[in-house]
Amino acid sequence: MSKHALLLVDIQNDFCAGGALAVPEGDSTVEVANTLIAWCQARQIPVIASQDWHPANHGSFASQHQAAPFSQGQLDGLAQTFWPDHCVQHGEGAQLHPLLNQQAIVEVFHKGESVNIDSYSAFFDNGHRQETRLNDWLRARQIDTLIVLGLATDYCVKFSVLDALQLGYAVNVITDGCRGVNLQPQDSAQAFMDMAAAGATLYTLDDWRESQ
Ligand code: VGL
Ligand code: ZN
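Residues numbered from 1 in each chain as written. Chains lettered and ligands numbered in written order. Predicted model: local features only at pLDDT ≥ 70, side-chain atom pairs only at ≥ 80, totals over all residues. Heavy atoms only, no water.

K.L.:
What's the story with the pairing of strand S4 (residues 78-81) in this structure? I'm lost.
P.N.:
Consecutive side chains of a regular strand alternate in pointing toward one face of the sheet and then the other. Note that strand S3 (residues 72-75) and S4 share four bridges and pair antiparallel. Looking at S4, one finds that Leu75 is bridged to Leu78. With antiparallel pairing between neighbouring strands as the criterion, S3 and S4 make up a hairpin whose turn holds two residues, including Asp76 at a positive phi of roughly 50 degrees. (Pairing = 2+ DSSP bridges. Helix = DSSP H or I, 4+ residues; strand = E, 2+ residues; numbered from the N terminus.)

K.L.:
Would you mind showing me how to read the site of ligand 1 here?
P.N.:
Around ligand 1, the neighbouring residues are Asp10, Phe15, Asp52, Trp83, His86, Tyr120, Leu151, Ala152, Tyr155 and Cys156. In the model, a nitrogen atom of ligand 1 is placed 3.0 Å from a nitrogen or oxygen of the Asp52 side chain. Leu151 places a polar main-chain atom, nitrogen or oxygen, 3.5 Å from an oxygen atom of ligand 1. For ligand 1, the protein covers 100% of the area, taking 260 Å² as the surface of the free molecule. If you map ligand 1 onto the pockets, it falls in the largest cavity. (Near = heavy atom within 4 Å. Polar contact = N/O pair within 3.5 Å; in protein donor to acceptor, adjacent residues only side chain to side chain. Areas by Shrake-Rupley, 256 points an atom, 1.4 Å probe, with all protein chains shown as cover. 1 Å grid on protein atoms, 1.4 Å probe; cavity = no way out; pocket = protein on both sides within 12 Å on 5 of 7 lines; lining within 4 Å. Sits in = over half its atoms within 2 Å of the grid points.)

K.L.:
So what exactly am I meant to see when it comes to the environment of Pro185 here?
P.N.:
Inspection of the secondary structure puts Pro185 in the loop between strand S7 (170-179) and helix H4 (187-197). Overall, the relative accessible area of 67% leaves Pro185 in the exposed class. Placed 118 residues apart in sequence, Pro185 and Ala67 show a C-alpha to C-alpha distance of 22 Å. (Buried < 20%, exposed > 50% of the residue type's maximum accessible area, 1.4 Å probe, protein only.)

K.L.:
Looking at this model, I keep getting lost on the coordination of the zinc ion (ligand 2). Mind explaining?
P.N.:
Six octahedral donors at a metal ideally form angles of 90 or 180 degrees, and four tetrahedral donors ideally form angles of 109.5 degrees. Binding of the zinc ion (ligand 2) to the protein goes through Asp52 (OD), His54 (NE2) and His86 (NE2), at separations of 2.0 to 2.1 Å. Coordination geometry of the zinc ion (ligand 2): the four donor atoms subtend angles of 89 to 169 degrees at the metal centre, consistent with an arrangement described as irregular. Counting residues between consecutive donors of the zinc ion (ligand 2) along the chain gives the motif D-x1-H-x31-H. There is no split in this pair, since Asp52 and His54 are both buried. (Donors = N, O, S within 2.8 Å, 3.2 Å for Na, K, Ca; no water. Tetrahedral: all angles 85-135°; square planar, octahedral: opposite > 155°, others 65-115°.)

K.L.:
How do you make sense of the pairing of S7 when you look at a structure like this?
P.N.:
The sheet contact formed by strand S6 (residues 145-151) and S7 spans six bridges and is parallel. Each residue of the ladder has a partner; that of Leu146, found in S7, is Val171. The parallel pair S7 and strand S8 (residues 201-203), bridged by H4, forms a crossover whose chirality is right-handed. (Right-handed = clockwise from strand over helix to strand, strands pointing away.)

Rendered as structure tokens:
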């Protein structure tokens, strides 16, 4: 028997309408998330979340480099997209979306806290230099299968899924519960293809429920 957890990736104000790094249709992930949360709660499947959680002077911020938002540069030896200031620790933009059923979330994992490196994945920073508590938390509970949705498809969802697969988890991505930044128009489609090629299974919410 596989043991599941539902991982909600960065469903935060700044990635939703009116936010500093608003993802097109980002808000529409909330309804899918809440439906799946209820489904998981009915099956004793734990619900966990990641939260992008940057210091105000984070090195991924264009403002720290006199660079234009969405331009490309380098951060401590790694290629880096420079983002608008977003998800600043304790700020309104960093909060989980107010309509997300947060009461259901049993554990939140912060990422992106180190000034000199970004962290798209909920498991590791972009250089795989440090890891969050997520892998230990899952292992301690013998969880071997993840259900994943959230923001953004082409960054934090994708890299969380790829790391989870590399760590040996089975991963099911709920595609209609994800939205992408799409700096290039096909980025989200490509991200889903990359996740599937690495071993993830893609489902719509309806397909997922029917498959179980
Ligand atoms: C994200 C860009 C910068 C994400 C976080 O959650 O996908 N994207 N920081
Ligand atoms: Zn970020």
